[in-house]
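Next come the chains, spelled out residue by residue.
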Amino acid sequence: MTGPPPRPSRSRFRGAIAGVGTTSGIRVVVGRWEESPYGAFADAMVETATGHRVLLAPTQPVADFVASTYSFDEVRIEPVSVDGWRLRSASLELDLTLGRRTPLGRLLRVVPRRLAESPAWCTVTDPVARVLLRGVRTRGSAGNDRREWYGATDAHEVVAASGVLDGVDLGRLAPVTPPPRFGFSSTPPRPSVTTVVTTVEG
């Protein structure tokens, strides 16, 4: 006689995600993670104007996990530091200036944090996110028979951006269009920083 199958394990990443576009056509998504199974770290996902997708990860274990969860054409292992929203790595320099809390951020702060971070709540909010935020989903596949949920708790607008990728100037801040193609969910078209808990199960 066999017992019930073991429950899938869950990994949680607590931090913030910045998503910006630039006038060069390069779009960048930065993850600044305060708590995770890999400790505190930062990483960056970049899609060029030609559609080339690059992951910048600080260690091989982080790169392996992220690359198994999202889709990239190239993975680079290099130190990634983020001080506030000033990112530095061998490939990318990016400086972001944050503005006021967005209307969505004010709405998110009304929801109790424990509820907002739960996969059950993310499942409820997913249909709403699809309608209100083009390209954004709060649940979906994390690849390799895993599931993923995004529990957002706050959001601020990004009002300025500058930097270089491989020595080439990124230009000025622009909408995040077209949506970058890293996974099942994209960043909102309006450049922003979202405080989030990401849960991956499987």
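Residues numbered from 1 in each chain as written. Predicted model: local features only at pLDDT ≥ 70, side-chain atom pairs only at ≥ 80, totals over all residues. Heavy atoms only, no water.

## What about the environment of Asp145?
As for its position among the elements, Asp145 is in the loop between strand 9 (139–143) and strand 10 (146–165). Given a relative accessible area of 81%, Asp145 falls into the exposed group. Distance from Asp145 to Val62, taken between C-alpha atoms, is 19 Å for residues 83 residues apart in sequence. (Helix = DSSP H or I, 4+ residues; strand = E, 2+ residues; numbered from the N terminus. Buried < 20%, exposed > 50% of the residue type's maximum accessible area, 1.4 Å probe, protein only.)

## Description of helix 1 (residues 60–69)
The set of residues buried in helix 1 consists of Val62, Ala63, Phe65, Val66 and Thr69. Down the axis of helix 1, the buried set is contained in an arc of 165 degrees. They therefore lie on one face. (Arc of directions from axis to C-beta.)

## Digging into the layout of surface pockets
In this structure, the largest pocket occupies an estimated 1100 Å³ of space. Along the wall of the largest pocket there are 48 residues; nearest its centre are Val136, Thr138, Tyr150, Ala152 and Thr194. Among the elements of the structure, strand 1 (10–22), strand 2 (27–35), strand 3 (41–47), helix 1, helix 2 (103–108), helix 4 (119–132), strand 10 and strand 13 (192–201) are those that each provide at least two residues to the lining of the largest pocket. Broken down by element, the lining of the largest pocket gets its largest block of residues, seven residues, from helix 4. (1 Å grid on protein atoms, 1.4 Å probe; cavity = no way out; pocket = protein on both sides within 12 Å on 5 of 7 lines; lining within 4 Å. Points joined across faces, edges and corners; volume = space filled by probe spheres on them.)

## Quick look at the nonpolar core
Val28, Val30, Val46, Leu92, Leu94 and Leu96 are the most contacted members of the largest nonpolar core, which totals 22 residues. Those elements that provide at least two residues to this core are strand 1, strand 2, strand 3, strand 4 (53–57), strand 8 (92–101) and strand 10. Discounting chain neighbours no more than four positions away, the residues touching Val30 are Ala16, Ile17, Ala18, Asp43, Ala44, Val82, Trp85, Leu87 and Leu94. With 19 residues, the next largest nonpolar core counts Val66, Tyr70, Phe182 and Val196 among its residues. (Core = buried A, V, L, I, M, F, W, Y, C linked by side-chain atoms within 4.5 Å. Contact = heavy atoms within 4.5 Å.)

## Structural notes on the packing of aromatic side chains
On inspection of all chains with the given rule, the structure shows six aromatic pairs. Ring plane angle 55 degrees and centroid distance 5.7 Å describe the contact between Tyr38 and Phe65, whose orientation is recorded as tilted. Of the two residues, Tyr38 is situated in the loop between strand 2 and strand 3 and Phe65 in helix 1; the sequence distance between them amounts to 27 residues. By the ring-pair criterion, three or more aromatic residues cluster together here, those being Phe13, Trp33, Tyr38, Phe41 and Phe65. We note Arg10 situated over the ring of Trp149; from NZ or CZ to the ring centre the distance is 5.2 Å. Against the face of Phe65 rests Arg146, its NZ or CZ located 5.2 Å from the ring centre. (Phe/Tyr/Trp six-rings, centres within 6.5 Å; stacked < 30°, edge-to-face > 60°. Lys NZ or Arg CZ within 6 Å of the ring centre and 35° of its normal.)

## Remarks on the pattern of salt bridges
The final tally for this structure, using the stated rule, is 17 salt bridges. Ionic pairing is found between Arg14 and Glu35, a salt bridge with its closest N-O pair at 3.6 Å. Here Glu35 lies in strand 2 and Arg14 lies in strand 1, a separation of 21 residues in the sequence. According to the relative accessible area criterion, Arg14 is partly exposed, its value standing at 21%. Under the relative-accessibility criterion, Glu35 is labelled partly exposed at 47%. (Salt bridge = Lys/Arg side-chain N within 4 Å of Asp/Glu carboxyl O.)

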